[in-house]
Structure formats: C-alpha cells, structure tokens
Amino acid sequence: MMAKASTIVEVNNLTYQYTDRPVLQNLNLSIEEGSFLGLVGPNGSGKSTLIKCILGLIKPQAGKLSLFGSELHRFDDWSKVGYVSQRANRFNAGFPATVFEVVSMGLFGQLGLFRFMKRNDRNKVMQALKTVEMDAYAKQPIGKLSGGQQQRVLIARALVSEPTLLILDEPTVGIDATSARRFYDLLRKLNQDQGLTLLLVSHDVGTMTKYVTNVACLNKSIHFHGTAHEFETNPNLSSLYGYDVQHIIHEHEEIAK
Amino acid sequence: MIDVFFQYDFLRNALIAGVLIGLIAPMLGVFLVVKRMSLVADALSHITLTGIALHLLLANFFAIFSLYDPIYMGMVFAVIGSLFINQLRTVYGHFKELAIPIILSAGVGLAVIFISLADGFNTDLYSYLFGSVAAVGSNDLMTIIIIAVIVLVLLFVFYKEWFFLSFDEEQAAISGLKGKWLELLFSILVALVIAASIRIVGILLVSALMTLPVASAMQWAKSFKQMFVYAAIFGQISVLSGIFLGFHLDLAPGGVIVVFAVIILLLSLLKNKIVKASLNRNVQNR
C-alpha cells in the first residue's frame, strides 16, 4: 500500500496587506510532498509576497501558515527549505568568493554557531555542485560565471542542506532561453529522481507548464489548483493567466531560429 | 636600525601595537569593503575624535580626567556612533550610505566645539590626528592587545556568519542567522579597532588602514579566505614600514603607513594589468 503523501505547506485564509490594499486575501493553498507546483499570476498578483510569507520573511495580518505540519512561528528546521530568489544577480558580481565558498553558505544555518566545515560537509558541497553539473567550476570566482551558471550555483547552495522543499522565485529571469530550458530539465530531474518538492514561481507560463506536475493560479487568492494538464486544457485559465500569449511568443522564437 | 626598537620601551610598544593593528584593521576591513561600507570607518574615526576632544575639555575642569587616557572616551563615542549608524541605516533603507555623512559631520561639529572650548589645538591633539610612534604607552598597549585578541577570536568564531551576511542578507535570514545582533557585534568591533588604531595611524588616516590593504588584496585573492591573508600581509608591510621610517625620518607614522598602502595598491593594479595583457597576447597567439 502506498503511503499517503504528506502535506508540506499548508496555507489557510491567509491575508497580507501593505498599508491599505490587500495583496493576498483569504488565500488557501496546500503543497503535497513530491509535487512540482508552478505558481502563476499576473504582475502584482502577490506571488512574491506569498513566497515571503511562506519563508517567514514577512508576517501576514491574518490566517494560518504551516510548514511540515508545524505552525510557522514554531517551525525552526529551515535546512529543510531551500530558496532561490528572484534576482540571480542580487549579490555584488565582483564579490571575491569562489563557487565552492558560495555553496558552502547553504550549510551555515545547519551547522550553527561555533561549528566549522568538516570533510563530510565539503563532500556535500561537491556533491551539490555535481548535481547541477558545476563541479568543474568549484574554484572559480562566482562573479566570472554567466547568469545561467550563477543560478545553477545558487541552486546547489539551496540543495546542499538536503532540503525537502525547494522554493524558486522567477529563477530564469535574465537567463537566455537555452540555459533556461536546461535549468528546467534540472528541476524536473530533482523532482523525479530525488523526490524533491518544488514550488516554482514563473512568468514564463508556456515553458513552465511543460515541466511542472501541478499549477496554481494566484490573483490575491488561489483561483485554480490542479494538474498541469487540467490547466493547459482549460481555455479560460490559460487565456486569463497568459498561457496563450507566452505560448505564441515561444512558437515565434522557435520559428525565428 | 631595527635593534633600536628593542632598546626603548616606547618603541617596542609601538612595534607590537603596529603589528597587531596591521593585522586586525585590514581583516575587519575585508567585511567592511565587501558590504560596501568602507566609509563607515571614516565616520567612526571622526566620532572618536569627538570623544577624545570631550575628554581633553573635561580634563581642564576635573582633575580626575587627566588620570585616564582620552582614548577610552573616544572608544565609548565610537561604539555609540556605530550603534547610531546601524540604526540610521535601517531608517533610511534605500539610502543606507546617508548614515555616514550624518554621523561624520555630527562628530566633527561637536569635536570642533569641544576643541575650541578646551583652548584649541595642542601637540597632544596633533598626535591623535596623525598618529605617533611615541604615543603608545604600556596602558595603551594593553588595551590594544586585549582588543586584538577579542577581534581575532570573534573573527574566527563568526567568520561564516559574517561571510554569509555580507554576501546575501536575505538568504542568511532564511537560514536562520540572527542578522541583527551579528551586525551589531560587527559594528562594535569596528569601533573598537578604530579607537585602538588611532594611536599609531591617527584619526584622519585610520580608515585607510581598513580599506587600502583590502583593495590591494582584491587584486590577488582567488577566494574569500585568501582576502584575509593578503589584506593582513599588506597591512603588516604598510604599518611596519610606517613605524620604522616614521621613527628614523621623524615623520608622522600615519602618513608613511598610508603612502606605503597606496604604493602596494598601485603595484597590485599594475600586476593585474600585466597579467591581463599577457593573457590577451596568449589568446591572440593561438
């Protein structure tokens, strides 16, 4: 008998507002272990706000949020959650650190104060770099890599603490189409081979829906949550959430090539 | 030429103090520079002057103050200043650097008032501004040793946390690092190092010792760890040259230290230019 997949993220009646206007209202969402959920929505629909709430970076005014079955304010095992943020180049490109050093940071939270990297930890870093096929670059300065390569390194940093849930906020922004596709292939592999649960926010609805297992549509609250196939075959949703538009743009790109 | 430094206590003090300062100032400076906060050192050194000036003023009225070294008051002001800078940086959010001119000018303004109330400049004040080989007493040395030990231990203990915070504050927060008090601790350390360095380098030039060796190190280091090694080496060369030449040629050591740091920086930039040029040539030859 198959064990019932457990719920990793549970959001109930969440409301978040900046000063006067609510960005998220009575939002409900649950993410099952092992799923690859794509979160889509127009600009200003609250995608990044929802991610920030889940990560505990901002506090919602109302509603309940649980990670791995415990309420967010009690949750403290952040090594189970990996996060790759919107701007790949949010850090100073000239920062004098190697790829290896950057990925090591992913272990710092787990190690805690007064503890140092041991051989085992260094192996974990190299393993994470191998997973994203960047192990050959371990000694390179992070600033010398291309945007796509940097984003893979940041994935490795998120993976090194062996998280159960990986959250990605617009990870392919500013990355060329080929690198982006390679990036999605990597995410699919992580989901299928390692059973990693993924929450992916992306504008690139057309490409993304080819990779994810589930789609959730957000505009202040969740308007649809189902399989990628249901989303693609529902004409209302795909037009509302820009599927067709993105799709057409991509077809054009293909023709142009 | 060198043995004279072991004959006289005051010179030996200056030498030991110099070695320690040449180590801790550039090493803390690495974090300051990568956080793009190098000017904080300037602001804090000027607020240290305020403390020193206040002490000199109070010493005119209360005999008890002449028993103590003005540098302690300077340290207190530097620490308070660093707390203010930390606070102002959060108030101004997107304009974090505004904290620096605010604190710097407030510090100089107050210092000037205190100095004029205390009958203007004297030689003592001159040595605080530009550093002095003769100024390091055994009490000063003790203070510098204690501060150096604290800084080195904390650098070792919190290396990975400060590294993470300077690279990516948001990610560090998500991994559960307590950014606020780590930042606070760091600011206090910077304030203490500046106050400790002032005896040798002087108020006007202390920030150079925290930033110039780091700027040179950037041209050499192949990893973040190496930044500390190079910064410390370049810091040592500058400080030791400054103390030796400062003494033998009767120059303010602060000036010589900074000139050497600048020379090292120029040589480092030149080296990188040559390396790049030869790489290009190799590519073209292929």
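The structure presented is a predicted model; accordingly, all values stated were derived computationally and were not measured.

Asks: Report on the packing of helix α3 (residues 38-61) of chain B against helix α5 (residues 99-117) of chain B, specifying residues and quantitative values.
Replies: Between two packed helices, the angle of one axis relative to the other and the distance separating the axes together describe the packing. Residue and element names in this part refer to chain B. Direction vectors running N to C along α3 and α5 enclose 20°, while the axes themselves pass 8 Å from each other. The angle between the axes of α3 and α5 places the two elements in the roughly parallel class. Between α3 and α5 lies a crossing whose hand is left-handed. Along its contact with α3, which presents Leu39, Val40, Asp42, Ala43, His46, Ile47, Leu49, Thr50, Ala53, Leu54 and Leu57, the element α5 presents Ile100, Ile103, Leu104, Gly107, Val108, Leu110, Ala111, Phe114, Ile115 and Leu117. A breakdown of the residues in the contact of α3 with α5 according to their chemical character gives 17 nonpolar, three polar and one charged.

Asks: How would you explain the sheet that holds strand β2 (residues 21-32) of chain A if you had to name every residue and give the values?
Replies: All names here are of chain A. Strands sit in the order β2-β1-β4-β5 across an open sheet of four strands; the sheet is antiparallel. The open sheet has two edge strands with one neighbour each: β2 and β5 (70-71). One ladder, built from eight bridges, connects strand β1 (residues 7-18) with β2; its direction is antiparallel. Residue pairing across strands places Gln17 opposite Pro22, the latter belonging to β2.

Asks: Residues and numbers for the layout of surface pockets, please.
Replies: Residues and elements named next belong to chain B. Empty space within the largest pocket amounts to approximately 1,600 Å³. Around the largest pocket sit 34 residues that line it, and Arg89, Gly93, Lys96, Glu169 and Glu183 are the ones nearest its centre. Counting only elements with at least two residues in the lining of the largest pocket, the list comes to α3, α4 (70-92), α8 (159-167), α9 (169-174) and α10 (179-201). Top element by residues in the lining of the largest pocket is α10. It accounts for five residues.

Asks: How would you explain the UniProt feature "transmembrane region" (unreviewed entry) in chain B if you had to name every residue and give the values?
Replies: The UniProt feature table records "transmembrane region" (unreviewed entry) at residues 14-34, 46-65, 71-88, 100-121, 141-159, 180-198 and 251-270 of chain B. For residues 46-65 of chain B, the end-to-end C-alpha separation is 21 Å, with 80% helix and 0% strand making up the annotated structure.

Asks: Please provide a residue-by-residue account of empty space enclosed by the protein, values included.
Replies: Residue and element names in this part refer to chain B. If you walk through the whole model with that rule in mind, you get two cavities of 30 Å³ or more. Taken as a whole, the largest cavity spans an internal volume of roughly 50 Å³. Surrounding the largest cavity, Leu32, Met37, Val40, Leu44, Ser82, Ile85, Asn86, Phe186, Ser187 and Val190 form its lining. Taken together, the elements giving at least two residues each to the lining of the largest cavity come down to α3, α4 and α10.

So, how was this worked out
Residues numbered from 1 in each chain as written. Chains lettered and ligands numbered in written order. Predicted model: local features only at pLDDT ≥ 70, side-chain atom pairs only at ≥ 80, totals over all residues. Heavy atoms only, no water. Axes fitted to C-alpha atoms, helices over the stretch in contact; angles between N-to-C directions. Helix = DSSP H or I, 4+ residues; strand = E, 2+ residues; numbered from the N terminus. Parallel < 35°, antiparallel > 145°, perpendicular 65-115°, else oblique. Left-handed = near helix turned anticlockwise from the far one by under 90°. Contact = heavy atoms within 4.5 Å. Nonpolar A, V, L, I, M, F, W, Y, C, P; charged D, E, K, R; others polar. Pairing = 2+ DSSP bridges. 1 Å grid on protein atoms, 1.4 Å probe; cavity = no way out; pocket = protein on both sides within 12 Å on 5 of 7 lines; lining within 4 Å. Points joined across faces, edges and corners; volume = space filled by probe spheres on them. UniProt positions renumbered as here; feature names shortened; annotations may be inferred.

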